[in-house]
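# Topology and contacts: notes
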Amino acid sequence: MSVETQKETLGFQTEVKQLLHLMIHSLYSNKEIFLRELISNASDAVDKLRFEALSQPELLEGGAELKIRVSFDKDAKTVTLEDNGIGMSRDDVITHLGTIAKSGTADFMKNLSGDQKKDSHLIGQFGVGFYSAFIVADQVEVFSRRAGLPASEGVHWSSKGEGEFEVATVEKADRGTRIVLHLKSGEDEFADGWRLRNIIKKYSDHIALPIELPKEATPAEGEEAPALEWETVNRASALWTRPRTEVKDEEYQEFYKHIAHDFENPLSWSHNKVEGKLEYSSLLYVPARAPFDLYQREAPKGLKLYVQRVFVMDQAESFLPLYLRFIKGVVDSNDLSLNVSREILQKDPIIDSMKSALTKRVLDMLEKLAKNEPEQYKGFWKNFGQVMKEGPAEDFANKEKIAGLLRFASTHGNDGEQVVSLGEYLARAKEGQDKIYFLTGEKYEAVKDSPHLEVFRKKGIEVLLLTDRIDEWLMSYLNEFDGKSFVDVARGDLDLGNLDSEEDKKAAEEVAKTKEGLVERIKTALGDAVSEVRVSHRLTDSPAILAIGEQDLGLQMRQILEASGQKVPDSKPIFEFNPTHPLIEKLDSEQSEERFGDLSHILFDQAALAAGDSLKDPAAYVRRLNKLLVELSV
Ligand code: ADP
């Protein structure tokens with residue numbers, strides 16, 4: 001072994017220590033994946049070299065035949081992986097193999113429960129990468145040299161995975177990375193050609209570059225062992241370039257795990273080759289679970305861009321809209337230039353047409369999933385529904401298609417679960433119903449008994465119940481679906497159109513006429529608090545309700561704006577009362593103007609409470625109510 005200089009011992013970042021601990025304790029039932037993870041890294045390193053060598057061919061010094069070699073030593077109980085990819089400098093090694101760079105890692109670690117079963121799922125989502133070596137090894141050594149650096153600037157990293165690691169500068173003749181795993185006692189089964197070959201076939205067959213193992217050769221009696229020969233054990237062709245019919249589901253699944261750094265199988269995928277004016281292949285996956293950083297705007301996006309089979313960049317965000325950021329996959333273009341950059345991509349018209357075609361593919365794939373595997377789609381919706389709701393605002397052209405993929409809770413649904421599609425809603429709509437009714441609010445429990453729903457319940461009309469924070473905003477972008485417009489049942493002067501019979505309408509008008517005096521009295525009593533007072537035809541059980549003006553902000557948007565410290569435009573509600581309710585009748589016959597005023601205010605405040613709003617002056621409400629209670633009890 002060559003001389004080591006500048007030796008130092010450094011501590012792992014806290015998150016790495018947590019990850020190591022968790023991994024060793026939760027992945028023991030699936031140990032063999034360490035090889036997949038290390039091969040995946042080696043393949044990425046080769047991709048990076050190939051790309052950088054386009055502009056700096058000298059990086060390929062000493063060998064352009066790119067490959068990964070896996071070998072083992074039964075006696076020493078080691079497994080060694082070697083790649084001739086981009087390699088790492090001393091600084092690279094210290095940051096990449098000592099810290100975790102992903103944003104949000106600390107938050108992720110806080111979410112761990114300590115329950116190993118649950119956490120092993122989470123860790124699968126997080127991706128373990130290099131550190132998975134410690135599942136089977138109690139000491140790991142890495143020898144690496146960054147392509148382009150001299151042989152004297154190799155680096156030797158070594159650790160027992162217990163909190164610290166050592167780095168030293170060493171001679172390394174070839175560029176690239178060699179990882180030596182010193183197997184834990186009891187894990188020697190991995191120092192075996194047959195076992196390694198099987199694992200590679202199982203998990204890494206799709207890796208596009210050759211993975212070689214030493215050829216098993218038994219020397220004939222009396223002869224010396226022959227020189228080591230290597231043989232390729234994987235298929236070594238880019239999976240997405242193969243015809244669809246020749247790729248097995250398991251291969252698609254393993255490829256997904258490689259590119260997505262996910263442990264679970266994807267829900268669905270779509271593999272296509274486009275020929276003609278533009279030529280490209282795409283392989284797009286829908287993951288089964290949301291990554292832990294789905295809501296971080298700067299979180300990595302899922303597409304890898306290749307140009308004529310050469311890897312160009314990760315996280316190619318220009319190929320899909322932001323609301324589809326959870327899609328993982330590969331796009332391989334024949335039209336783009338190999339030295340394309342992010343900046344160029346943003347302006348290139350080719351990209352726009354690829355983006356709209358890929359977007360459509362994803363939406364089609366989701367439609368198919370929803371149709372053929374509704375249970376799976378439910379799971380998809382739970383994980384990604386919130387993000388899909390960003391769609392109509394971002395992607396005007398596909399609004400109708402996205403709307404068809406949305407799922408809602410409803411008065412005819414399933415305990416607040418978001419399972420009702422707009423198609424299903426319309427299919428069971430009442431005869432003559434030409435609107436899609438919805439109500440927004442803070443929580444399902446709060447809206448499901450809202451007084452706004454009374455008339456709908458009476459007539460058996462379904463109302464969608466929207467209680468995600470994003471919903472009111474979403475609905476401001478959705479005007480209609482399948483030619484039917486959306487109507488917020490808490491807004492404006494509710495018109496049930498054909499659903500109200502002529503007699504009903506006439507009767508309502510008659511009643512309204514007889515209550516004109518009462519309307520005026522309440523208006524005077526409530527004064528500034530309301531924009532209008534009128535007789536309601538949406539109520540059956542409640543005495544009064546507050547409706548929002550057609551153009552005013554709804555409660556949800558107001559609360560979001562207020563919470564973010566923004567000034568909310570002042571808007572006053574419309575007070576509607578139920579003319580046949582005993583309390584209203586009592587109010588109508590009240591002689592004392594003072595008591596009339598108190599009662600009107602109490603009804604107003606109660607209506608606000610029933611809508612889930614808070615009171616402007618709760619103390620006044622309590623005072624008025626108590627005054628009435630005292631009068632009642634004497
Ligand atoms: P991830 O692959 O998710 O980034 P890892 O922990 O597996 O996380 O690896 C951390 C980093 O270490 C990689 O991003 C890469 O920069 C570097 N790395 C790991 N293995 C290799 C390798 N064989 N060659 C070059 N760099 C590597």
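Residues numbered from 1 in each chain as written. Predicted model: local features only at pLDDT ≥ 70, side-chain atom pairs only at ≥ 80, totals over all residues. Heavy atoms only, no water.

## Some words on the overall build of the chain
- Helix and strand counts for the chain come out as 23 helices and 22 strands.
- The C-alpha radius of gyration computed for the chain amounts to 33 Å, which surpasses the reference 26 Å derived for 634 residues by more than 25%, pointing to a less compact arrangement than a globule.
- By its C-alpha atoms, the chain is 120 × 60 × 45 Å across when sized along the principal axes.
- Counting the 634 residues in the chain, one finds 50% classified as buried.
- Approximately 30600 Å² of the chain is accessible, and the part contributed by carbon and sulfur atoms is 49%.
- For the chain, the distance from the average site of its 82 positive side-chain charges to the average site of its 110 negative ones is 2 Å. (Helix = DSSP H or I, 4+ residues; strand = E, 2+ residues; numbered from the N terminus. Rg over C-alpha atoms; globule rule 2.2 N^0.38 Å. Buried < 20%, exposed > 50% of the residue type's maximum accessible area, 1.4 Å probe, protein only. Areas by Shrake-Rupley, 256 points an atom, 1.4 Å probe, with all protein chains shown as cover. Lys, Arg positive; Asp, Glu negative; His and termini not counted. Charge placed at Lys NZ, Arg CZ, Asp CG, Glu CD.)

## With respect to the packing of helix α2 (residues 33-55) against helix α8 (residues 249-260)
- Contact geometry of α2 with α8 gives a least axis separation of 10 Å together with a crossing angle of 65°. As judged from the angle between their axes, α2 and α8 are roughly perpendicular. Where α2 crosses over α8, the handedness of that crossing is right-handed. Residues Arg-36, Ser-40, Ser-43 and Asp-44 of α2 form the contact with α8, whose participating residues are Glu-254, Lys-257 and His-258.
- A class-by-class count of the residues in the contact of α2 with α8 yields no nonpolar, three polar and four charged. (Axes fitted to C-alpha atoms, helices over the stretch in contact; angles between N-to-C directions. Parallel < 35°, antiparallel > 145°, perpendicular 65-115°, else oblique. Left-handed = near helix turned anticlockwise from the far one by under 90°. Contact = heavy atoms within 4.5 Å. Nonpolar A, V, L, I, M, F, W, Y, C, P; charged D, E, K, R; others polar.)

## Some details on the sheet that holds strand β7 (residues 176-183)
- One open sheet holds the nine strands; their spatial order is β1-β6-β5-β4-β7-β3-β2-β8-β9, and the pairing between them is mixed. The open sheet is flanked by β1 (5-11) and β9 (230-232), the only strands paired with a single partner. Within this sheet the neighbouring strands show an average axis-to-axis angle of 20°, counted without direction.
- In terms of strand pairing, β1 meets strand β6 (residues 164-170) through five bridges, oriented antiparallel. In the strand pairing of β6, Glu-8 is matched with Val-167.
- Most of the contacts of α2 go to strand β3 (residues 78-83), to which it runs at about 20°, and overall it touches β2 (68-73), β3, β7 and β8 (211-214).
- Helix α7 (residues 193-204) rests against β2, β3, β8 and β9 of the sheet, and its axis sits at about 170° to β8. (Pairing = 2+ DSSP bridges.)

## A word on the site of the ligand
- Taken together, the residues surrounding the ligand are Asn-41, Ala-42, Ala-45, Asp-83, Met-88, His-96, Leu-97, Gly-129, Phe-130, Tyr-131, Thr-177 and His-261.
- With respect to the ligand, the side chain of Asn-41 contributes an N or O atom lying 2.8 Å from an oxygen atom.
- With respect to the ligand, the backbone of Phe-130 contributes an N or O atom lying 2.7 Å from an oxygen atom.
- Protein burial of the ligand: of its 530 Å² of free accessible surface, 79% is covered by the chains.
- Considering each element in turn, the shell around the ligand owes the most residues, three residues, to α2.
- Classifying every residue of the shell around the ligand by side-chain character gives six nonpolar, five polar and one charged. (Near = heavy atom within 4 Å. Polar contact = N/O pair within 3.5 Å; in protein donor to acceptor, adjacent residues only side chain to side chain.)

## Re the nonpolar core
- Counting residues in each nonpolar core, the largest one holds 76 residues, and the members touching the most others are Leu-305, Phe-319, Phe-380, Met-388 and Tyr-437.
- For this core, the leading source of residues is helix α10 (residues 349-372), giving nine residues.
- The residues contacting Leu-305, other than those within four sequence positions of it, are Val-310, Phe-311, Val-312, Met-313, Ala-316, Phe-319, Val-331, Leu-336, Val-340 and Leu-345.
- Ranked by size, the runner-up nonpolar core spans 61 residues in total, among them Ala-42, Ala-45, Val-128 and Ile-179. (Core = buried A, V, L, I, M, F, W, Y, C linked by side-chain atoms within 4.5 Å.)

## Observations concerning the sheet that holds strand β18 (residues 480-481)
- Judged by pairing direction, the sheet is mixed, and its five strands sit side by side in the order β15-β17-β16-β19-β18 without closing on themselves. Of all the strands in the sheet, just β15 (409-410) and β18 have a single pairing partner and so form its edges.

## Looking at the layout of surface pockets
- Of the voids in this model, the second largest pocket is the one considered here, and its volume is about 980 Å³.
- Of all the secondary-structure elements, those providing two or more residues to the lining of the second largest pocket are β16 (435-440), α15 (444-447), β21 (544-547), α20 (555-563), α22 (593-610) and α23 (618-633).
- Classifying every residue of the lining of the second largest pocket by side-chain character gives 19 nonpolar, 11 polar and 12 charged. (1 Å grid on protein atoms, 1.4 Å probe; cavity = no way out; pocket = protein on both sides within 12 Å on 5 of 7 lines; lining within 4 Å. Points joined across faces, edges and corners; volume = space filled by probe spheres on them.)

## Side note on the environment of Ile-584
- Along the chain, Ile-584 turns up in helix α21 (residues 582-588).
- Sequence-wise, Ile-584 and Pro-543 are 41 residues apart; in three dimensions their C-alpha atoms are separated by 6.4 Å.
- Aside from chain neighbours lying at most four places away, what touches Ile-584 is Leu-518, Pro-543, Phe-577, Asn-578, Pro-579 and Leu-603.

## Considerations on the packing of helix α19 (residues 516-526) against α22
- As a packed pair, α19 and α22 sit with axes 9 Å apart at the nearest point and diverge in direction by 80°. As judged from the angle between their axes, α19 and α22 are roughly perpendicular. Two secondary-structure elements touch here, α19 through Leu-518, Arg-521, Ile-522, Ala-525 and Leu-526 and α22 through Glu-593, Phe-596, Gly-597, Ser-600, His-601 and Phe-604.
- When grouped by side-chain class, the residues that make up the contact of α19 with α22 number six nonpolar, three polar and two charged.

## Regarding helix α11 (residues 374-388)
- Along its 15 residues, α11 runs just 17 Å from first to last C-alpha, ending more than 12% under the 21 Å computed at 1.5 Å per residue.
- Within α11, the axis deviates most sharply at Lys-382, by approximately 55°.
- For α11, the complete set of buried residues consists of Tyr-377, Phe-380, Trp-381, Phe-384, Gly-385, Val-387 and Met-388.
- The inward-facing, buried residues of α11 contact β11 (280-286), α10, α12 (391-394) and α13 (399-405). (Expected span 1.5 Å × (residues − 1). Bend = angle between axes of the 7 residues up to and from the residue.)

## Some remarks on the pattern of salt bridges
- Applying the stated criterion across every chain, the model contains 52 salt bridges.
- A salt bridge links Asp-468 to Lys-389; the shortest N-O distance between them is 2.7 Å. Taken as a pair, Asp-468 in the loop between β17 (464-466) and α17 (471-475) and Lys-389 in the loop between α11 and α12 lie far apart in primary sequence, 79 residues in all. The burial state of Asp-468 is the same as that of Lys-389; both residues are buried.
- Asp-434 is paired through a salt bridge with Lys-435; the nearest N and O atoms lie 3.6 Å apart.
- What you see here is one network of salt bridges that share partners, running through Lys-201, Asp-205, Arg-235, Arg-242 and Glu-251. (Salt bridge = Lys/Arg side-chain N within 4 Å of Asp/Glu carboxyl O.)

## Section: unusual backbone geometry
- Look at Gln-6: it is not a glycine, yet its phi comes out positive at around 45°.
- Among the secondary structure elements, Gln-6 is positioned in strand β1.
- One non-glycine residue with positive phi stands out, namely Gln-315, at about 55°.
- Relative to the elements of secondary structure, Gln-315 occurs in the loop between β13 (310-313) and β14 (328-333).

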